[in-house]
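Results of the structural survey
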Amino acid sequence: MEWEEGKPKRKKHNRLPKDLRGLIGEANMRFVHGDHQAAIELCHKVISLSRKSVEPYQTLRMFYEELGDKDKLLGFSILCAIMSPNDVEEWIRLAELSLEWNDLSMAVTCYGRAIRCEPNNLDYMWTRSNLYEQMGETKKLIEQLGNILNGLKPDDGELYFHVARKLTQVLHDDHQIEKATDVMWNAFVKHDAWINVEDINFLLELLMKRRFYAKGVKVLCDNCGISFEPSLLSAHPEDSQDFLNGLKQSRQCVVPNGAPIDLTVKLIVCLIHLDCPHLTEELIGPLLEESPEAMGDLYLDVAEAFMEMSMYSKATPLIATLTTTEKYNLGAVWLRYGECLGLLGRLDEAVDAYFRVIDLAPSHLQARLALSGLLQQLGRSEEALSILNQDDEDGDSQLEPQLLLQRCNLLYSHQIWDEFIRVSKLLHSMHINWPANPSQIGEYNYSVKSHRFRALIKSKDDEDLGFSDNGVSVGELWNHYQKFCQTLFDLKRFEELETASKVSITSNVFARDENIVKECDFLRLLSCYFNRNSIDAYTFVKKEICKDVNNNRLWNLFGHIVSTMQDLRHNRFCLRLMAKHQDHLALELLNGHNALIVGSYKHALGEYMAVFKVRPEDALVNLCVGLVFTHMTCQKFSGKKHSLAIQACAFLDRYVALRGEGQETYYNLGRAMHQLGLLYAAEHYYLKALQFKPAVDHPNFDLRPETAFNLSLIYQTSNAFDLAIMYINKYCVV
C-alpha cells in the first residue's frame, strides 16, 4: 500500500550569527579528533551567546548520539523539536526515538505535531492510528481513521477500502453498529470496484444486526448477481414499500452457481424477515445438502430466523437435524428445539427436550422455568415444583432468584402455605436481612438506621446466601412481597407479619423507590397494630402523623392504638403537636378527650368549645360538650349545679337533633341522666333505646345488653327485682 507523498520539505533557515558558525565548525572538528569534552564546551559557549539558535542543540544531540548517552540524547531531541516547531523532521526523529524507548504517548504527541505541520501526510496519520491501537485508545483511533478517510482522493479506491475495513472492524468491536454500517455502506457506494466477498459478508452482518433486511437483499442483488423473477425491484429504493411489494410478488429467487453458501444463508434470513418465505423454499435445498456437522451454525441461523417470524413448523426440522450431530448436541440447541415444540403444542416432546437441556446444563435457568410451566400445563404439579428445587439452597452455590419466584407462584396457586412462606423468605433474603433469632426483632427501634439494624439482626454465624445476577426486577420483588405479607395476614400469623415488615428497612432494593418506602412504613404500622404490639405501633403512628398531620386514616388508627395502651404517653405528644398546629380539629378533640379522662373538665371544655366554634353542627362535638357539663355538675364542690345541668341538657338535646333518634342517641341520653341521678328520665331513655335496632348490623355495635344492664341497676335500687331479672335474662344472658 502506497501513501500519498507529503508536501515538499521546507527550507531550513539558519538563524545562527555568522561569527558563531565558526565555533560550531571547530566543535565538530574537535569531536572528530576525539576531544569530546572540548567540543561539548564549545557548543555550550555558543548556546550562552545565542540561546534561540537551534544549531548548537542539534550538534549536541549528534554528539550524545555518538557517545551513546540516551538520556541526554532524548533531552536535546526534545529541545530541538520544541525550538523548531515547524520542522517535521525533528518531530519524526523524536517520535522514532520515543518508540525506541517504548514511550507510545510521546510518540503519538510527536506524530500529532508532525501532522499539524503536514496535514495531508497520510503516512503519519496511519502510523499514529497504529499507535492508538497499541495503546487501546479506541475513541482516538476511530477519530484518526476517520480523518484518513476524509483525506483520501476520489481515485484512492483500494486505499479507501483498506482503511474503511479497519475502521468498520474497530467500530463493530466497540459496539457502534450504526456507525460501522454507515462507514462500510459509504465504501460500497463510492468504490464498488474494490468490493470482495468478505466485505459483502461483513456488511450483511451489520445490516442484519440493525434489521435492515431490505438493504441486505439490495446489496446481494447489486454485487452477487442475485435476481428475482419477475424482476420488479430495480425501479424502487430498498427502503420503500414498493420494493417489499415487489419481493412478495416475485415467484422465484435465482442464485448464480458457485455462490458462497454463507451468502445464500444470509439471503434466506433476509427474505424470511421480509415475510417472503415462499422465495426460500428452493434456496434451503443447497443448505440441506451441506453437512450439519460442518455447517451447523448456518442451520441455526435459518432456524432462528424462522422462530423470530413465528414459523416454528419450518424451524423445527432444521433444529431437529442439529440435535443428531455430535458438535451441535448442545443445551442451547435443545432449548431452541423445546421452544419450537412447545409453541407447536407438542408438549410431551417439548418436555423431553427441556429435560435434555437440564441434563446437558443442570443450572440453565430458562430451561427450568419453561419446563416447570409445561409440566404445570400437563397437570404434573409435583414435578413442576420439583424441577424448580435448587439442591444448593443450604449450600454455598448461587441461587437463582427467578426459579425461587416461579416456585413461590406455584406454591401460592396450590395453597401450600408453609412452604410458600419459607421459600418467600429465601427469595427476599437476597435483599433483606432476616433475623437468625426472632427475638432479635424486639430490639428494633424506628429511629435505628437501616445499616445499623442490618448489623443488629444479622447472626454472627450466619453467612449471606449467594444469588446469581439473573435477578428479578424491583416491581416483581415488591409485588411478591405484598402477596407474601397478605398471605401472613390472611393466615393470622401476625407475629411473622410484624417481623417481615420490620426487616424490610434493611432492603437496599426497596429503599430506591420512595413510594415503596412509604408503603413499607405503613405496613410496619399495621403489622404492629394487628399483632397487639401497641408500644411499637404507637411509635410508628406517631412518626407517620408528623409526616402527614392531615391524614384522617392515620388519626383514626392513632385513636385505635392509644385506646389499647396502658399508659398516657400520647397526652404529651398531642400537646406538643398542638403547639405547632394550633387550629387542628383532630388534635383539639384528642386533647379534650385526654383532659376529660384525667378529670380536667375545664381544660376539656375549652378544647371542645374551640372545635364547637368551627363546627357547631357536629353531633359528636355537642355530645362531648354535654358530657363535660354533666361531669362538672356531678363534682362535689362545683357551684351553680342547676345552671350546669341545664347547659348539659341543652347540648345533649342538640346532639339528639343532629344525630337523629336511634339506639345510640337514647343510650347516651339515658347514661347522662343516670349519672345526674335523674333515674326516671334515665329509665325513659333506656326503654326507648331498647326499641331501636343497632345502626350497624353487627353484635359489636349492639348497645341493648349495656342498656338492659343499666336499666336493671335502676330497678334494683327501687327494689323491682323481677323487672331487673327480666331484662337481664332477655338481653344479657347468652
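Please read these numbers as outputs of a predicted model, since none were measured by experiment.

Going through the model one piece at a time under the given rule, you end up with 25 salt bridges. We note a salt bridge from K547 to E544, for which the minimum N-O separation is 3.7 Å. One end of the pair, K547, and the other, E544, are both in helix α28 (residues 534–547), three residues apart, so they sit about a helical turn from each other. Judged by its relative accessible area of 11%, E544 falls in the buried class. Here R615 ties to D618 by a salt bridge, and the two come within 3.4 Å at their closest N and O atoms. Residue R615 is classed as partly exposed on the basis of its relative accessible area of 43%.

We now examine a nonpolar patch on the surface. A cluster of nonpolar residues, L568, I597 and V598, forms a patch on the protein surface that exposes about 310 Å² of accessible area. By the element assignment, I597 lies in helix α31 (residues 585–598). Owing to a relative accessible area of 67%, I597 belongs among the exposed residues under this scheme.

It is worth spelling out the nonpolar core at this point. Grouped together as the largest cluster of nonpolar side chains are 140 residues, with contacts concentrated most on V217, L247, F484 and F510. The dominant element in this core, judged by the number of residues it contributes, is helix α14 (residues 261–273), at nine residues. Within the second largest apolar cluster, 22 residues are counted, among which are Y538, V541, I561 and C574.

Right, let's get into the confidence of the model for the protein. Residue-level pLDDT values for the protein average 83, and 85% of them are 70 or greater. Overall, residues 1–14 carries pLDDT values under 50, and its contacts beyond four positions in sequence, including any with other chains, amount to 27 contacts. Confidence over residues 459–463 falls short of pLDDT 50; this stretch has one contact with residues more than four positions distant or in other chains.

In total, this model carries 24 aromatic pairs according to the counting rule given. Taking 5.9 Å as the distance between ring centres and 20 degrees as the angle between the ring planes, the aromatic pair formed by F494 and F530 counts as stacked. Pair noted here: F494 is in helix α26 (residues 494–502) and F530 is in helix α27 (residues 514–530), with a separation of 36 residues, a long-range link. Measuring from ring centre to ring centre gives 6.2 Å for Y667 and Y686, while their planes differ by 40 degrees; the resulting arrangement is tilted. You can see Y667 sitting in helix α35 (residues 663–676) and its partner Y686 sitting in helix α36 (residues 679–690), a full 19 residues away along the chain. Note on accessibility: Y667 and Y686 belong to one class, buried.

Conventions used here
- Residues numbered from 1 in each chain as written.
- Predicted model: local features only at pLDDT ≥ 70, side-chain atom pairs only at ≥ 80, totals over all residues.
- Heavy atoms only, no water.
- Salt bridge = Lys/Arg side-chain N within 4 Å of Asp/Glu carboxyl O.
- Helix = DSSP H or I, 4+ residues; strand = E, 2+ residues; numbered from the N terminus.
- Buried < 20%, exposed > 50% of the residue type's maximum accessible area, 1.4 Å probe, protein only.
- Patch = residues over 30% accessible without salt bridge, like charges linked within 9 Å, V, L, I, M, F, W, Y side chains within 5 Å.
- Areas by Shrake-Rupley, 256 points an atom, 1.4 Å probe, with all protein chains shown as cover.
- Core = buried A, V, L, I, M, F, W, Y, C linked by side-chain atoms within 4.5 Å.
- pLDDT = per-residue confidence, 0-100.
- Contact = heavy atoms within 4.5 Å.
- Phe/Tyr/Trp six-rings, centres within 6.5 Å; stacked < 30°, edge-to-face > 60°.

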